[in-house]
Amino acid sequence: MSIVNALTIDVEDYFQVSALAPHFPRRQWDTVPCRVERNVDLILSLLHEYGAKGTFFTLGWIAERYPHLVRLIAMEGHEVASHGYAHQRASDQTPEAFGADIRLAKTVLEDIAGVEVKGYRAPSFSIGAGNPWAHDCIAEAGYAYSSSVYPVKHDHYGMPDAPRFPYRLDNGLIEMPITTVRYLGRNLPAGGGGYFRLLPYSASRWLIRRVNNEERRSAMFYFHPWEVDPDQPMVEGTTFKTRFRHYVNLSRTEGRLRQLMSDFAWGRMDEVFLATA
């Protein structure tokens with residue numbers, strides 16, 4: 001029997017990513033034309049075509065403006081989870097502000113979708129050794145699990161010494177890290193994101209197969225709706241690093257996702273991990 005992996009989508013629009021924050025202050029978000037509807041529709045069609053299910057970590061800000069999108073996600077059998085309300089890094093907030101943000105997002109999503117929201121993912125995987133209090137806030141807000149730690153070394157996030165697979169914290173919360181592969185003494189990113197666009201598809205396939213076949217564990221993969229949108233506006237005035245990370249191979253993402261859907265079995269976070277935790 002093939003191992004089922006967890007497919008996750010961080011539902012935010014292109015102008016809400018952390019790297020572009022200097023160009024799109026939150027007070028101006030309402031003035032920027034959104035492209036998230038078209039992109040989520042494409043993803044839902046893709047998942048339906050391949051019989052896959054997934055978990056949509058959705059911003060409360062998006063949910064309030066596009067409630068029909070959240071209801072559609074739930075209606076089609078996918079898991080609705082929280083990405084916070086305003087896409088603020090946990091590490092940039094006080095415990096009080098962070099707690100208020102994630103409680104608001106949970107309330108908004110549950111009211112719209114009519115289902116319990118069990119999962120939370122911090123923007124930019126911004127929970128690490130410097131803010132362990134965030135896990136207590138997540139548990140106190142009523143979430144059953146978090147997927148906010150990436151056990152890699154990265155210039156914007158990462159907790160390389162964290163466990164590589166789901167683990168239960170002392171407060172009862174289950175943390176489900178993004179998938180990595182241990183190789184030559186270091187953790188290699190195997191869970192998607194920008195690496196999925198930057199590296200050849202064969203690299204992602206090899207990494208996920210290694211987790212499935214050699215470690216006999218389910219992998220977790222993530223991407224964003226804006227990554228299937230090669231026609232999104234090119235933001236002027238960004239650094240070369242930001243332009244490269246954000247725009248590289250956008251035109252290839254949909255095709256690579258189709259390969260991913262064909263090569264592996266995909267399900268929701270709560271059904272792949274939570275039921276056996």
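Just so it is clear, the structure is predicted and the values come from calculations on it, not from any experiment. (Residues numbered from 1 in each chain as written. Predicted model: local features only at pLDDT ≥ 70, side-chain atom pairs only at ≥ 80, totals over all residues. Heavy atoms only, no water.)

**A closer look at the pairing of strand β2 (residues 55-58)**
Thinking step 1. Burial of β2 is two-sided: the residues T55 and F57 facing one way and the residues F56 and T58 facing the other way are all buried.
Thinking step 2. Sheet topology places strand β1 (residues 4-11) next to β2; 4 bridges connect them, and they run parallel. For D10, the partnering residue across the bridge sits in β2 and is F57.
Thinking step 3. As for the winding sense of the linkage, the β-α-β connection from β1 through helix α1 (residues 36-50) to β2 is right-handed. (Buried < 20%, exposed > 50% of the residue type's maximum accessible area, 1.4 Å probe, protein only. Helix = DSSP H or I, 4+ residues; strand = E, 2+ residues; numbered from the N terminus. Pairing = 2+ DSSP bridges. Right-handed = clockwise from strand over helix to strand, strands pointing away.)

**Quick word on the packing of aromatic side chains**
Thinking step 1. Counting across every chain of the model gives 20 aromatic pairs.
Thinking step 2. A centroid spacing of 6.2 Å and a plane angle of 70° characterise the contact between F15 and W29, whose relative ring orientation is edge-to-face. Of this pair, F15 sits in the loop between β1 and α1 while W29 sits in the loop between β1 and α1; the two residues are 14 residues apart in sequence, bridging distant segments of the chain.
Thinking step 3. Assessed through its relative accessible area of 1%, F15 is described here as buried.
Thinking step 4. Residue class for W29 comes out buried when judged on its relative accessible area of 3%.
Thinking step 5. Residues F125 and Y150 carry aromatic rings whose centres are separated by 5.4 Å and whose planes lie at 70° to one another, so their mutual orientation is edge-to-face. Remark: Y150 occurs in the loop between β5 (145-146) and β6 (167-168) and F125 occurs in the loop between β4 (119-120) and α5 (133-140); sequence separation between them is 25 residues. (Phe/Tyr/Trp six-rings, centres within 6.5 Å; stacked < 30°, edge-to-face > 60°.)

**Some points on the nonpolar core**
Thinking step 1. If you look at the biggest cluster of nonpolar residues, it comprises 72 residues, and the most contacted ones within it are F56, F221, L260 and W266.
Thinking step 2. Ranked by size, the runner-up nonpolar core spans 16 residues in total, among them A6, F125, M176 and V272. (Core = buried A, V, L, I, M, F, W, Y, C linked by side-chain atoms within 4.5 Å.)

**Some words on the pairing of strand β9 (residues 186-189)**
Thinking step 1. Alternating positions in β9 separate cleanly, N187 and P189 being buried on one face and R186 and L188 remaining unburied on the opposite face.
Thinking step 2. Where strand β8 (residues 180-183) meets β9, 4 bridges bridge the pair, whose relative direction is antiparallel. Across the sheet, residue T180 finds its bridge partner in β9, namely P189.
Thinking step 3. Two successive antiparallel strands, β8 and β9, enclose a turn made up of 2 residues, where L184 displays a positive phi of approximately 55°.

**What about the side chain of N212?**
Thinking step 1. Residue position: N212 is located in helix α7 (residues 201-213).
Thinking step 2. For N212, the side chain forms a polar contact with the side chain of N5, separated by 2.9 Å.
Thinking step 3. Engagement of the side chain of N212 in a polar contact is seen with the backbone oxygen of R217, the distance being 2.9 Å.
Thinking step 4. Setting aside residues no more than four positions away along its own chain, N212 makes contact with I3, N5, R217, S218, A219 and F264. (Polar contact = N/O pair within 3.5 Å; in protein donor to acceptor, adjacent residues only side chain to side chain. Contact = heavy atoms within 4.5 Å.)

**A closer look at the layout of surface pockets**
Thinking step 1. Estimates place the volume of the second largest pocket at around 160 Å³.
Thinking step 2. What lines the second largest pocket is a set of 13 residues, and nearest its centre among them are S18, A21, R26, H87 and Q88.
Thinking step 3. Its residues placed into classes, the lining of the second largest pocket shows 6 nonpolar, 4 polar and 3 charged. (1 Å grid on protein atoms, 1.4 Å probe; cavity = no way out; pocket = protein on both sides within 12 Å on 5 of 7 lines; lining within 4 Å. Points joined across faces, edges and corners; volume = space filled by probe spheres on them. Nonpolar A, V, L, I, M, F, W, Y, C, P; charged D, E, K, R; others polar.)

**Structural notes on empty space enclosed by the protein**
Thinking step 1. For the coordinates displayed, the defined rule picks out 2 cavities of 30 Å³ or more.
Thinking step 2. Quantified by volume, the largest cavity comes out at close to 60 Å³.
Thinking step 3. Residue lining of the largest cavity: Y150, P189, A190, G191, G192, Y195, F196, L199, A203, S204 and L207, and that is the complete set.
Thinking step 4. If you tally residues by element for the lining of the largest cavity, the top one is α7, at 3 residues.
Thinking step 5. Among the residues forming the lining of the largest cavity, the class breakdown is 8 nonpolar, 3 polar and no charged.
Thinking step 6. In this structure, the second largest cavity spans a volume of roughly 30 Å³.

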